Structures are given as C-alpha cells and as structure tokens.
Amino acid sequence: MPPAAAILLGYLLGSIPFGVLLTRMAGAGDLRQIGSGNIGATNVLRTGRKGLAAATLLLDLAKGAAAVLLAERLFPGTGVLAGLGAFFGHCYPVWLRFRGGKGVATLMGIVVALHWPSGMVYAAVWLGLLAALRISSLAGITAAISAPVSAAFWGRIDLVLLFLALALVVLWKHRDNIDRLLSGTEPRIGKKRD
C-alpha cells in the first residue's frame with residue numbers, strides 16, 4: 001500500500017494545473033487557448049502577466065518537491081515513487097484530458113527534493129541559459145539533461161536512471177521545439193510560441 005499511496009499522492013499533487021488556475025482566477029482567460037496552449041510558466045508569460053508566470057513557475061516547482069517530501073514523511077522510502085507520480089501528473093493530468101505541461105519546473109522540484117546538489121546544477125543551467133539565450137525550450141531541455149549527469153557525478157547512481165527517464169520524457173514533450181531549434185526557427189522569450 002505505501003508505494004501505491006505515494007504514487008497516487010504524487011500524481012494528485014503534480015496534476016494541479018496551477019498555470020490554468022492562476023490565469024483563470026486573474027481573468028486572463030483559458031491558458032490552453034493562448035499561445036502554444038501549454039500550461040506552464042512560459043505560456044503564462046504570453047498573457048503579459050509576469051507575476052502570474054513567476055507564481056506558476058514556483059508552484060509547479062513546489063508541487064514536485066512537496067510530493068517527494070510529503071511522501072517521505074508519510075511513507076518513508078517512497079519519495080522517488082511520489083516524484084515519479086508528480087512528474088507524470090503534471091505532464092498528463094487526468095483533469096485536462098492528459099494534456100499537461102512539459103515538466104521542466106516540476107522536474108526541478110523533484111530533483112531538488114531528492115538530491116539538492118543536482119537541483120542546484122539544474123537551476124544554474126536552466127536560469128543561466130535562459131538569461132543568456134532567452135530560448136525557454138533549450139534552457140529547459142539542457143537543465144533536464146543535466147540532472148542525470150550531475151547525479152552520476154556525485155555518485156548518486158540510485159537516481160541516475162530515474163533522472164534520465166524523466167529527462168527523456170521532457171525531450172519527448174519538447175519534440176516540436178527541438179524541430180524548430182534544428183531548423184533555426186525557435187523564437188526567444190517574448191515571442192508567441194516556445
């Protein structure tokens with residue numbers, strides 16, 4: 001029961017669509033009908049509400065971390081399973097017909113909660129590339145890839161496969177972005193699509 005409960009707990013936390021809820025409560029419309037239709041912070045930014053975008057980012061990150069930490073407190077040893085549940089809850093929420101976000105912020109929260117040094121690398125890569133290049137997808141993809149690499153560097157082999165699997169899902173969710181990156185048509189922050 002504890003493993004199943006941890007996965008369910010993680011999924012339910014991860015599936016809370018903060019971007020959709022915040023934009024709706026702020027009167028900014030249905031986020032799924034704006035820009036790329038994605039429910040993450042980058043698309044919230046397209047509403048012109050920087051505060052909402054920042055709140056979405058922080059809440060999506062927090063739900064990943066909260067799932068891990070809460071599961072460890074309630075069911076010791078199940079944090080990894082809760083993190084897995086939270087990630088897939090964010091990317092494939094039942095409430096939105098399994099059309100969720102791309103997982104970058106939620107994955108960061110999971111990584112921070114499971115191994116904070118890898119989480120700090122993740123944050124540095126993500127924010128550093130975002131500031132330097134202003135290409136949201138490239139920064140997010142590279143940050144996700146940094147997680148299994150940094151876990152291996154610190155000898156956390158127990159986390160490498162998990163982080164690698166979740167990074168591959170992030171790549172899959174960004175497949176259209178990758179096509180645009182390869183063709184040189186991926187816009188920078190401030191444009192209509194990510």
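Thresholds, definitions, all that
- Residues numbered from 1 in each chain as written.
- Predicted model: local features only at pLDDT ≥ 70, side-chain atom pairs only at ≥ 80, totals over all residues.
- Heavy atoms only, no water.
- Phe/Tyr/Trp six-rings, centres within 6.5 Å; stacked < 30°, edge-to-face > 60°.
- Buried < 20%, exposed > 50% of the residue type's maximum accessible area, 1.4 Å probe, protein only.
- Lys NZ or Arg CZ within 6 Å of the ring centre and 35° of its normal.
- Axes fitted to C-alpha atoms, helices over the stretch in contact; angles between N-to-C directions.
- Helix = DSSP H or I, 4+ residues; strand = E, 2+ residues; numbered from the N terminus.
- Left-handed = near helix turned anticlockwise from the far one by under 90°.
- Contact = heavy atoms within 4.5 Å.
- Parallel < 35°, antiparallel > 145°, perpendicular 65-115°, else oblique.
- Nonpolar A, V, L, I, M, F, W, Y, C, P; charged D, E, K, R; others polar.
- 1 Å grid on protein atoms, 1.4 Å probe; cavity = no way out; pocket = protein on both sides within 12 Å on 5 of 7 lines; lining within 4 Å.
- Points joined across faces, edges and corners; volume = space filled by probe spheres on them.

Draft legend 1. Focus on the packing of aromatic side chains. Using the criterion set out here, one finds four aromatic pairs in the structure. On the numbers, 5.5 Å between centres and 90° between planes, the contact of Phe-87 with Phe-88 is edge-to-face. Judged by relative accessible area, which is 0%, Phe-87 ranks as buried. Judged by its relative accessible area of 30%, Phe-88 is partly exposed. Connected via pairs of aromatic rings, a cluster forms that spans Phe-87, Phe-88 and Tyr-92. Here the guanidinium or amino end of Lys-173 rests over the ring plane of Tyr-92, the centre of that ring lying 4.4 Å away. The ring of Trp-172 carries Arg-175 above its face, with NZ or CZ at 3.9 Å from the centroid.

Draft legend 2. Here's a closer look at the packing of helix 2 (residues 18–25) against helix 4 (residues 50–74). Between helix 2 and helix 4, whose axes approach to 9 Å, the crossing angle comes to 145°. As helix 2 runs across helix 4, the sense of the crossing is right-handed. Seen from helix 2, the contacting residues are Phe-18, Gly-19, Leu-22 and Thr-23; seen from helix 4, they are Leu-52, Ala-55, Thr-56, Leu-59, Asp-60 and Lys-63.

Draft legend 3. Geometry of the packing of helix 6 (residues 104–114) against helix 7 (residues 116–133). Direction vectors running N to C along helix 6 and helix 7 enclose 150°, while the axes themselves pass 6 Å from each other. With respect to helix 7, the axis of helix 6 lies roughly antiparallel. Between helix 6 and helix 7 the crossing geometry is left-handed. Residues Val-104, Ala-105, Leu-107, Met-108, Val-111, Val-112 and Leu-114 of helix 6 pack against Trp-116, Ser-118, Gly-119, Met-120, Tyr-122, Ala-123 and Trp-126 of helix 7. Class assignment for the residues of the contact of helix 6 with helix 7 results in twelve nonpolar, two polar and no charged.

Draft legend 4. Spotlight on the layout of surface pockets. Roughly 630 Å³ of internal volume is contained in the largest pocket. Lining the largest pocket we find 20 residues, and of these Ser-36, Gly-37, Asn-38, Arg-99 and Gly-100 sit closest to its centre. Listed by contribution, the elements that provide at least two residues to the lining of the largest pocket are helix 9 (157–173) and helix 10 (175–183). For the lining of the largest pocket, the class distribution of residues is five nonpolar, five polar and ten charged. Volume-wise, the second largest pocket comes out at about 480 Å³. Lining the second largest pocket we find 26 residues, and of these Ala-41, Thr-42, Leu-57, Trp-126 and Ser-136 sit closest to its centre.

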